[in-house]
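The residues making up each chain are set out below.
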Amino acid sequence: MHNLEDLIACPECDAVYHVEEPRVGERAVCGRCHTVLIAPRKRAGKQIIALALAVVVLIVAATVFPFLSISAAGVGRRTSVLDAALAFSDSGLLVLLTLTVAALIIFFPVLRALLVIYVLAPVVVDRRPFPGAIRAFRVSEALRPWSMAEIFAIGCAVALVKVTDLAEVHFGPAFWMFSALVVLLMAQDGFMCRYSVWKSLEK
Amino acid sequence: MGLVACTRCSRVWEAGTQTCGRCGHHLESRDTHSLQRVWAWWIVGLMCYIPANLYPMLTTRMLVQTSEATIVEGAIELAHHGSYGIAFVVLFASVAIPVGKFGVIAVLALSVRQGSRISQLRRHQLYEVVEYIGRWSMIDVFVVAILSSLVQLGSLAAVTPGRASLFFALSVIFTMFSAQSFDSRMIWDSDTGETDPVETKDHKELTA
């Protein structure tokens, strides 16, 4: 019997392989379904922590500062991301939707970034993982499809076009923060090698 | 081979192990209730998708004129204003993606039982596309949220969200659950290329 620690099973199609750690910059890909299994990167841990910190700062700032402002015939209105999340709160039935939207664009992305920092911070300085790190990383992974800040940013572009023939639109500081956020979130997902994280938590 | 694999952290354990010692995930060789859950979420998602298209998504009031628009009407209106690109994005995200998603999940779930002429790799790719792209349907809900918080210009103009926005959001969430419930390993269970896939799999080396 092989040593089970030296085996890896593709999480998508269940093909089993012997682990041959790829060198930094290389990727191990499942030969059957082409899922990326291992993709280590140099200093990935620090990069991911830096990105996660930036994400938290940006989301908090983007939530508080005005985001877009419009004016038409002397009447003006500015809105923040928080206002957008709370847009549905006036109409009774839609309160549920308010909570959902607030969670998807503010709460989940922030929580996920914080969890990632909590999990990776001890690992990059070669300390023992914090207690509960495994559970934290599980939650963070479960939240991955549900943090939708980048989708919200694209939604802004669509909303802008709809508004332009109604009123004049101005970009607030938060708008640019959210634009930067989209790029960061995508980079964060690209850098993270889940196999390496799980392995480092096991030790 | 007598092994069971963790779908979350890809660690391999002896068959019969209940929980993964590395990440604590519940271990199961195949998720036996997967198809039931896929279909349950699928049906609920479809039930929400119908009112999402019939009720108005947005109510726009300009001065005294009030107009309501469903998802498709909103896109058509955008196209009338000459924003074909954005109209396409809206139609793609809120019509093409959800409808395509219902179709693909149904095909995948049916093919597990009945087999399919589509190759396993192709079906697997379809599954990954559905999982990746499904969340982008939320874009229309966010547009409604932004518009109705931004366009509140007193008597001049006001936008309020319509009932469809709730149904649409629910439909997107339910279909995401449906896609997540699908155990993609089932696509490969009918792998007939090898006489004993378990044995030969064991000796494959990792391609770097």
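Residues numbered from 1 in each chain as written. Chains lettered and ligands numbered in written order. Predicted model: local features only at pLDDT ≥ 70, side-chain atom pairs only at ≥ 80, totals over all residues.

## What to know about the overall build of chain B
Now for step 1: Broken down by element type, chain B carries 7 helices and 5 strands.
Now for step 2: Going from N to C terminus, chain B has its helices and strands arranged as β-β-α-β-β-α-α-α-α-β-α-α.
Now for step 3: Contacts spanning at least 24 positions in sequence make up 60% of the contacts within chain B whose residues lie at least 6 apart. (Helix = DSSP H or I, 4+ residues; strand = E, 2+ residues; numbered from the N terminus. Contact = placed C-beta atoms within 7 Å.)

## Description of the overall build of chain A
Now for step 1: What chain A contains, in helices and strands, is 7 helices and 7 strands.
Now for step 2: From first element to last, N terminus to C terminus, chain A shows the α and β order β-β-β-β-α-β-β-α-α-α-α-β-α-α.
Now for step 3: Across its three principal axes, chain A shows a C-alpha extent of roughly 75 × 35 × 35 Å.
Now for step 4: Sequence-distant contacts, at least 24 apart, represent 60% of the contacts inside chain A between residues at least 6 apart.

## Details of the packing of helix α3 (residues 95–124) of chain A against helix α4 (residues 133–143) of chain A
Geometry of a packed helix pair, given as the angle between the helix axes and the separation of the axes.
All names here are of chain A.
Now for step 1: For the pair α3 and α4, interaxial distance at closest approach is 9 Å and the crossing angle is 145°. Handedness of the α3/α4 crossing: left-handed. Contact residues: Phe-108, Leu-111, Arg-112, Leu-115, Val-116, Tyr-118 and Val-119 in α3; Ala-133, Ala-136, Phe-137, Val-139, Ser-140 and Leu-143 in α4.
Now for step 2: Taken together, the residues of the contact of α3 with α4 break down into 11 nonpolar, 1 polar and 1 charged. (Axes fitted to C-alpha atoms, helices over the stretch in contact; angles between N-to-C directions. Left-handed = near helix turned anticlockwise from the far one by under 90°. Nonpolar A, V, L, I, M, F, W, Y, C, P; charged D, E, K, R; others polar.)

## A look at the domain arrangement of chain A
Residue and element names in this part refer to chain A.
Now for step 1: Structurally, chain A comprises domain 1 (1–40) and domain 2 (42–202).
Now for step 2: Spacing between the C-alpha centres of domain 1 and domain 2 amounts to 31 Å.
Now for step 3: With 5 residues of domain 1 at the interface, the matching set in domain 2 holds 5 residues.
Now for step 4: Partitioning the side of domain 1 that touches domain 2 into residue classes produces 5 nonpolar, no polar and no charged. (Domains from an automatic or database assignment.)

## A look at the sheet that holds strand β3 (residues 58–62) of chain B
All names here are of chain B.
Now for step 1: Spatially, 3 strands are ordered β4-β3-β5 in an open sheet, and the strand pairing comes out antiparallel. Strand pairing shows two members of the sheet lacking a second neighbour, β4 (65–69) and β5 (157–161), which therefore form its edges. Taken pair by pair, the neighbouring strands of this sheet meet at an average axis angle of 15°, ignoring direction.
Now for step 2: Pairing analysis gives 5 bridges linking β3 to β5, with the strands arranged antiparallel. Following the sheet pairing, Met-62 is matched in β5 by Ala-157.
Now for step 3: The strands that helix α5 (residues 139–150) touches are β3 and β5; relative to β5, the one it contacts most, it runs at about 145°. (Pairing = 2+ DSSP bridges.)

## Examining the environment of Leu-111 of chain A
Residues and elements named next belong to chain A.
Now for step 1: By secondary structure assignment, the location of Leu-111 is in helix α3.
Now for step 2: The partly exposed category is assigned to Leu-111, around which 18 C-beta atoms lie within 10 Å.
Now for step 3: Residues Leu-111 and Asp-126, spaced 15 residues apart in sequence, show a C-alpha to C-alpha distance of 24 Å. (Buried ≥ 20, exposed ≤ 12 C-beta atoms within 10 Å, placed from the backbone.)

## Quick word on the interface of chain B and chain A
Where interface size is quoted, it is often the accessible area lost as the parts come together.
Now for step 1: Each partner contributes residues to the interface: chain B has 54 residues there, and chain A has 64 residues.
Now for step 2: For the side of chain B that touches chain A, the secondary structure elements donating two or more residues are β1 (3–5), β2 (12–14), α3 (84–114), α4 (120–133), α5, β5, α6 (163–181) and α7 (197–203) of chain B.
Now for step 3: A per-element tally of the side of chain B that touches chain A places α5 of chain B first, with 10 residues.

## Here we look at the nonpolar core
Now for step 1: Core analysis: the largest hydrophobic core is formed by 118 residues, its most contacted members being Ala-62, Ile-105 and Leu-181 of chain A together with Ile-146, Leu-147 and Ala-169 of chain B.
Now for step 2: Not counting residues up to four positions away in its chain, the partners in contact with Leu-181 of chain A are Val-55, Leu-58, Ile-59, Ala-62, Ala-149 and Ala-153 of chain A. (Core = buried A, V, L, I, M, F, W, Y, C linked by C-beta atoms within 7 Å.)

## Quick word on the domain arrangement of chain B
Now for step 1: Partitioning chain B into structural domains gives domain 1 (1–30) and domain 2 (33–189).
Now for step 2: Placing a centre on the C-alpha atoms of domain 1 of chain B and another on those of domain 2 of chain B gives a separation of 34 Å.

## Some thoughts on the packing of helix α5 (residues 149–164) of chain A against helix α6 (residues 173–191) of chain A
All names here are of chain A.
Now for step 1: The interhelical angle for the contact between α5 and α6, taken along N-to-C directions, is 140°, at an axis separation of 9 Å. Between α5 and α6, the interaxial angle falls into the category oblique. Our pair here, α5 against α6, has a crossing hand that is left-handed. For the pair formed by α5 and α6, the contact residues are Ala-149, Glu-150 and Ala-153 on the first element and Phe-178, Ser-179, Leu-181, Val-182, Leu-185 and Met-186 on the second.
Now for step 2: Residues of the contact of α5 with α6, tallied by class, amount to 7 nonpolar, 1 polar and 1 charged. (Parallel < 35°, antiparallel > 145°, perpendicular 65-115°, else oblique.)

## Points about the pairing of β3 of chain B
Regular strands show a simple pattern: their side chains alternate between the two faces of the sheet.
Residue and element names in this part refer to chain B.
Now for step 1: Sheet topology note: the β3/β4 ladder contains 5 bridges and is antiparallel. Its bridge partner lying in β4, Thr-60 is registered against Ser-67.
Now for step 2: Hairpin connection, β3 to β4: the antiparallel pair is bridged by 2 residues, and Leu-63 has positive phi, about 55°.

## A short note on α5 of chain B
Residue and element names in this part refer to chain B.
Now for step 1: Here α5 contains 12 residues, and its C-alpha end-to-end distance of 16 Å stays within 8% of the 16 Å for a straight helix at 1.5 Å per residue.
Now for step 2: Across the 12 residues of α5, 12 count as buried, placing the element largely inside the fold.
Now for step 3: The complete set of buried residues in α5 reads Ile-139, Asp-140, Val-141, Phe-142, Val-143, Val-144, Ala-145, Ile-146, Leu-147, Ser-148, Ser-149 and Leu-150. (Expected span 1.5 Å × (residues − 1).)

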